[in-house]
Amino acid sequence: MRVYNFSAGPSMLPLEVLEQVKKDFTDYNGTGMSVCEMSHRSKPYEEIHNTSISLLRELMGISDDYYVLYLQGGATLQFEAVPLNLLKKGKADYIVTGNFANNAFKVAKKYGDIVCAASSEDKTYTYIPKNVKVREDIDYLHITSNNTIFGTQYNELPKSKAPIVCDMSSNILGKRYNVNDFGLIYAGAQKNISASGLTVVIVKKDLVDSGATEACPNFLKYSTQANANSLYNTPTTFSIYVSMLVFKWLKNLGGVDAMEKINIEKAKMLYDFIDNSKLYKNNVAKEDRSIMNVPFVTGDENLDAKFIKEAAAAGLVSIKGHRLVGGMRASIYNAMPIEGIKALIEFMKKFEKENI
Ligand SMILES: *Cc1c(COP(=O)(O)O)cnc(C)c1O
């Protein structure tokens, strides 16, 4: 039996995609071999690779002014690759809206004059700072579009003369952003794109073609991978193949705009229920609530633990909140069907009745 998996990542994939993977697993498209066994220099793999990239371009509306790179090392390696590539004047500003944003900020400090332009740490990251003043002579401004642990998201981007670099790991393809508003977008694949392993980087060509910093290792230079169509060395072939299937699934569903509508509906159902309940509470500023990650608490740690245990027994798994926040967190990425939200709400109603 499949469960509704509310994990923050790796997270659910569409069942259709998994079924297709199963079908293809031992013999991909008449090749007599699995994608796992396939040379990354072979024709069938090349087609998977290029189809995935062109579908992503189509879904996100990525123009020819940008490179799409398929890398490894997760968003975490990008925390360092970004400054190593882009800090040519040696200055960048960061808006710290959560744990991952803070991690990105902290490691970047090693590489230059890095300033925290604004932070929402004063209220445990329950809001997005507005009207942030950013220095003008910086190489870039770094933001995190969706804060996976605390459950906030950017609806309006900050104003910046310098390019905006965005960690979009947890809401890429779940909400429409205009790629042209960014200098660089990066995302680990394991939330809305694929299995873990793949890291997507979408970067403006002029930022890459003007060279990296002296200190940047050759392997981490975006130009290295851009010049090789992300085949400089062996890429995460299987994860890229799964991404292609996910992109086809998303395209069939109507693309990012259709997906965002569904995501808003899913999130609204859950937030409305929480706001109207006596037992559950979400502490995030309403206008900044994430449509991907919905943290909530009962206010009683023992009751939270009971909730998590009983939810799992009812087939609603991995709903425990991050250790920094406690309580529960329902991660409801693109692949979480609306039925999963309904099942969760039904369970929450029953639990409330039994425990209030
Ligand atoms: C999950 C996540 C990360 C960490 O990604 P890795 O791929 O594990 O390095 C970083 N930033 C955000 C916003 C995330 O949601």
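Overview of the structure. These figures come from a predicted structure and were not determined experimentally. (Residues numbered from 1 in each chain as written. Predicted model: local features only at pLDDT ≥ 70, side-chain atom pairs only at ≥ 80, totals over all residues. Heavy atoms only, no water.)

## Details of the overall build of the protein
Across its full length, the protein carries 10 helices and 13 strands. The globule rule puts the C-alpha radius of gyration for 356 residues at 21 Å, and the 21 Å found for the protein is close to it. Viewed in the frame of its principal axes, the protein has a C-alpha envelope of about 60 × 55 × 30 Å. Within the protein, the fraction of its 356 residues that count as buried is 55%. Looking at the protein alone, contacts between residues at least 24 apart form 67% of all its contacts between residues at least 6 apart. Carbon together with sulfur atoms contributes 51% to the accessible area of the protein, which is approximately 15600 Å² in total. (Helix = DSSP H or I, 4+ residues; strand = E, 2+ residues; numbered from the N terminus. Rg over C-alpha atoms; globule rule 2.2 N^0.38 Å. Buried < 20%, exposed > 50% of the residue type's maximum accessible area, 1.4 Å probe, protein only. Contact = heavy atoms within 4.5 Å. Areas by Shrake-Rupley, 256 points an atom, 1.4 Å probe, with all protein chains shown as cover.)

## Topic: the site of the ligand
Around the ligand, the surrounding shell holds 13 residues, and the nearest of these are T76, T148, D167, Q190 and K191. Backbone polar atom of A75 to an oxygen atom of the ligand: 3.1 Å apart, as the coordinates give it. One of the side-chain nitrogen or oxygen atoms of K191 is found 2.7 Å away from an oxygen atom of the ligand. Across the complex, the protein chains shield 86% of the 390 Å² of accessible surface that the ligand would expose by itself. Residue contributions to the shell around the ligand peak at 4 residues, all from helix α3 (residues 74-86). Taken together, the residues of the shell around the ligand sort by class into 3 nonpolar, 8 polar and 2 charged. (Near = heavy atom within 4 Å. Polar contact = N/O pair within 3.5 Å; in protein donor to acceptor, adjacent residues only side chain to side chain. Nonpolar A, V, L, I, M, F, W, Y, C, P; charged D, E, K, R; others polar.)

## Some thoughts on unusual backbone geometry
Between G9 and P10 the backbone carries a cis peptide bond, its omega angle lying at -10 degrees. Residue placement: P10 occurs in the loop between β1 (4-5) and α1 (15-24). A positive phi is found at L173, a non-glycine position, where the angle reads about 70 degrees. When you line up the elements, L173 lands in the loop between β8 (164-167) and β9 (184-188).

## Here's the deal with helix α7 (residues 237-253)
Taking 1.5 Å of rise per residue, the 17 residues of α7 would be expected to cover 24 Å, and the 25 Å separating its terminal C-alpha atoms lies within 8% of that figure. Where burial is concerned, most of α7 is hidden: 12 out of the 17 residues are buried. Packing partners of the buried residues in α7 comprise α1, α2 (43-60), β2 (66-71) and α8 (255-276). (Expected span 1.5 Å × (residues − 1).)

## A closer look at the pattern of salt bridges
As enumerated under the stated definition, the model contains 16 salt bridges in all. With its nearest N and O atoms 3.9 Å apart, the salt bridge here joins K130 to E287. Of this pair, K130 sits in the loop between β4 (113-119) and β5 (140-144) while E287 sits in the loop between α8 and β11 (293-296), placing them 157 residues apart in sequence. Residue classification places K130 among the partly exposed positions, given a relative accessible area of 46%. The exposure class assigned to E287 is exposed, which follows from its relative accessible area of 52%. Linking K306 and E310 is a salt bridge whose minimum nitrogen-to-oxygen distance equals 3.7 Å. Residue K306 and its partner E310 are both found in helix α9 (residues 301-313); the two are separated by 4 residues, about one turn of the helix. You can call E310 partly exposed: its relative accessible area is 29%. Salt bridges sharing partners connect three or more residues here, namely D93, D113 and R135. (Salt bridge = Lys/Arg side-chain N within 4 Å of Asp/Glu carboxyl O.)

## Some thoughts on the sheet that holds β2
With mixed pairing, the 7 strands of this open sheet are ordered in space as β2-β10-β9-β8-β5-β3-β4. Of all strands in the sheet, those with a lone pairing partner are β2 and β4, marking the two edges. Direction aside, the axes of adjacent strands within the sheet are offset by 15 degrees on average. Strands β2, β3 (91-96), β5, β8, β9 and β10 (199-204) of the sheet are contacted by α3, whose axis makes an angle of about 155 degrees with β9. (Pairing = 2+ DSSP bridges. Axes fitted to C-alpha atoms, helices over the stretch in contact; angles between N-to-C directions.)

## Describing the packing of α1 against α7
Relative to each other, α1 and α7 sit at 135 degrees, their axes nearing to 9 Å. Overall, the two elements α1 and α7 adopt an arrangement that is oblique. For the pair α1 and α7, the crossing hand works out as right-handed. Along its contact with α1, which presents E16, V17, Q20, V21 and D24, the element α7 presents F238, Y241, V242, L245, V246 and W249. (Parallel < 35°, antiparallel > 145°, perpendicular 65-115°, else oblique. Left-handed = near helix turned anticlockwise from the far one by under 90°.)

## Section: the pairing of strand β13 (residues 328-331)
Neither face of β13 is exposed, since M328 and A330 on one face and R329 and S331 on the opposite face are all buried. Where β11 meets β13, 4 bridges bridge the pair, whose relative direction is antiparallel. Directly across from P295, in β13, lies its bridge partner R329.

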